Amino acid sequence: MYATRFLDIPALATAQGSLRLPGSKSISNRVLLLSALCAGSTTVHDLLDSDDTQVMLEALRQLGCAIQRQGTSITIEGMGGSVRNASANLFMGNAGTAIRPLTAALSVIGGQFELRGVERMHERPIGDLVDALRQLGCQIDYLQNPGYPPLRIGHPTLRLGQPIQVRGDVSSQFLTALLMALPLVATSDIVIDVVGELISRPYIEITLNLLAKFGVNVRRDQWQRFTIAAGSRLQSPGEVYVEADASSASYFVALGAIAGVNQPVRIEGVGAASIQGDIRFIDAARQMGAHIDSGANWLSISRGQWPLKAIDLDCNHIPDAAMTLAVMAMYAQGTSTLRNIASWRVKETDRLSAMACELRKLGARVEEGDDFLRISPPADITDWRSASIHTYDDHRIAMCFSLAAFNPAQRTVRIEDPKCVAKTYPDYFEDFFKLCTPITDAVPVITIDGPTASGKGTLAEGVAKALGYHLLDSGALYRIVGLAALEAGLSLSTQSESEIAALATNLPVQFTGDRVLLAGRDITEQIRREEAGMNASKVSALPLVRHALVDLQLRFRKLPGLVADGRDMGTVIFPGAPLKVFLTASVDARAQRRHSQLISKGISVTLPSLRADLQARDERDTTRAISPLKPAQDAQLLDNSGLSIEASIERVLCWWQSKTL
């Protein structure tokens, strides 16, 4: 997961390949609660691992539910319609699929409970659910603002004889919460009447389907009356498999429709027969021109008509996935209208206003109504703009706007706070990049060159971490070649130059976090030794070896970007890099830093000897016949003799900012 302040997505060209989606959030949290409340033990397979499901799991543990994890499956010991801990303070984050059904369940069970969340959760309405529960005799108090969390729940005096009325035009989660909780107290028939039009009906279908799996069949009279029969009891089905998330599938369906030019994008884990309402997104995508094939558990999507067709669609049945249509409309010919989406305003943020604002940043012409968006794409390629997309701590805004990187003007799109996708899909951007092919040479590279002990590696690592970019430590490559050559019995001299070059051509090296692997073997500590640094200088002086490593280094240039640290990154390997930094420091400063490093490792060394060694290395590096060490003509010079590493990183990030959006 990218935990950076922002993520810059460069211009993308096409997409192809396959991936397996994570489990559905809507199904996952429903299954977790039903498994905890039912009688018996339930093993849940393919559960979504995300912020929202972790919130639910932690709440269930606090209530006394026994939960065991076994690989990708968990086993839950049901509490038989009650809870073991009748007093708890529960933190619900911003998970509507957790706080609403838990509020209903705990209210009919009774106890002493407080439910809180993040600030945005305290702005999301829950009053209609509380009103419905109070009709039953539940004891619920607002702790701050009436109609909103946080809540305090007490012991109920249940009255089940009269129909319970609940509004259906704000959120379907209110009805879902009642349907999941009331089987716990169904000593007689319990009737729920929906007041107003029920929105997001497919989500109620999910709830009814899962209740039936847990032994409760709810009678439905159209979408206005629901009856839970007397004697209903939640019973474990033994095993439950969670479908892949159809809402998350929408981004990859759109990806295929926009960029599946040569080969399709294939999604595993969900098919057209899914119980999730958002699977109907594929119908909307087909209306816009996408070519979609499907099977029992897969979808295959490629570009059909291009540009896409504009649509005018009632999106009540796909409220979450409809956000993806708003970005697809940027690639359509004509004006698209998304209707009946007032529920967007009470989601993780006011999505209607947020989507309108961010689409306009990119150059779209947008009309925002109370319950609709009307979107016209930029009139001309030149009207597309680079934009920094504010995500409002809303996972779906971050994910759907990644699709804007396919814009015909080849503009960079910045996604602020990309880690917000952890709510439902922590690895979204990693999976997205695996399928995407960038415009030729669009993947950005920052090179950081400089002499020995100038701090190149530390600076490069810090900049790469801040930007979420890949890291190429070319110095480590030479250290690795030196190690591999010695292990192969070769001398580090011109005598073995051709053999070392042949070895370097297909060096099986992998950088994983702060570890370095050679043919799967961890050699991190070996190449950090002082001897390895000396050997790297010897190897780097061999022209054939340097030439052999060029192609290998070029292969490190991958989405979303690369920070390349080395002595000729900006002059030889990536001469077209948009930002080149040449890091310098006085010999005295470098010697002092190296002295401190070695002393901390218990290595006895003197400052004069280190100073002499650095001067000798500088002389060797700057006078070598091939690729002598020197700044690129357009490099930014950074003397860090008196700068902290934090200040140096910030300086480079400021330079980078000036060259991007």
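Just above, that's the structure.
The rules we used
- Residues numbered from 1 in each chain as written.
- Predicted model: local features only at pLDDT ≥ 70, side-chain atom pairs only at ≥ 80, totals over all residues.
- Heavy atoms only, no water.
- Helix = DSSP H or I, 4+ residues; strand = E, 2+ residues; numbered from the N terminus.
- Buried < 20%, exposed > 50% of the residue type's maximum accessible area, 1.4 Å probe, protein only.
- Areas by Shrake-Rupley, 256 points an atom, 1.4 Å probe, with all protein chains shown as cover.
- Lys, Arg positive; Asp, Glu negative; His and termini not counted.
- Charge placed at Lys NZ, Arg CZ, Asp CG, Glu CD.
- Pairing = 2+ DSSP bridges.
- Axes fitted to C-alpha atoms, helices over the stretch in contact; angles between N-to-C directions.
- Phe/Tyr/Trp six-rings, centres within 6.5 Å; stacked < 30°, edge-to-face > 60°.
- Lys NZ or Arg CZ within 6 Å of the ring centre and 35° of its normal.

Enquirer: Quick rundown of the overall build of the chain? Include the residues and the values.
Expert: A tally of helices and strands in the chain yields 22 helices and 35 strands. Each of the three principal axes of the chain carries a C-alpha extent, and together these read 95 × 60 × 45 Å. The buried share among the 661 residues of the chain stands at 57%. Approximately 25300 Å² of the chain is accessible, and the part contributed by carbon and sulfur atoms is 48%. Separation of charge centres in the chain, based on 66 positive and 69 negative side chains, amounts to 1 Å.

Enquirer: Describe in detail the sheet that holds strand β9 (residues 140-142), supporting the description with residues and values.
Expert: Strand order in the open sheet formed by four strands is β7-β8-β10-β9, and the pairing between neighbours is mixed. Only two strands of the sheet have a single neighbouring strand rather than two, namely β7 (87-91) and β9. For this sheet, the mean angle separating the axes of adjacent strands, direction not counted, is 15°. Pairing of strand β8 (residues 112-116) with strand β10 (residues 151-153), which is carried by three bridges, proceeds in the antiparallel orientation. Within β10, the residue paired with Phe-113 across the bridge is Ile-153.

Enquirer: Please give an account of the packing of aromatic side chains that cites residues and values.
Expert: Considering all chains together, one arrives at 15 aromatic pairs under this definition. Residues Trp-306 and Tyr-331 carry aromatic rings whose centres are separated by 6.0 Å and whose planes lie at 35° to one another, so their mutual orientation is tilted. Of this pair, Trp-306 sits in the loop between β18 (298-302) and β19 (308-309) while Tyr-331 sits in the loop between α9 (322-328) and β21 (332-333); the two residues are 25 residues apart in sequence, bridging distant segments of the chain. You can call Trp-306 partly exposed: its relative accessible area is 35%. Arranged with centres 6.5 Å apart and planes meeting at 35°, the rings of Phe-429 and Phe-433 form a pair that is tilted. Taken together, the residues span about one helical turn, with Phe-429 and Phe-433 both in helix α12 (residues 428-435) at a distance of four residues. Each member of the pair, Phe-429 as well as Phe-433, is classed as buried. Cluster of aromatic residues (ring-pair linked, three or more members): Tyr-2, Tyr-251, Phe-252, Phe-406, Tyr-425, Tyr-428, Phe-429, Phe-432 and Phe-433. The ring of Trp-223 has Arg-220 sitting right over it, with the charged end atom 4.1 Å from the ring centre.

Enquirer: Tell me about unusual backbone geometry, and please be specific about residues and values.
Expert: Of the consecutive residues Pro-149 and Pro-150, the connecting peptide bond is found in the cis state with omega at 5°. Position of Pro-150 relative to the elements: it lies in the loop between β9 and β10. For Asp-393, which is not a glycine, the phi torsion comes out positive at approximately 55°. If you trace the backbone, Asp-393 turns up in the loop between β25 (387-389) and α11 (395-400). For Ala-453, which is not a glycine, the phi torsion comes out positive at approximately 70°. Counting through the fold element by element, Ala-453 comes out in the loop between β28 (445-449) and α13 (456-467). Given a relative accessible area of 18%, Ala-453 falls into the buried group.

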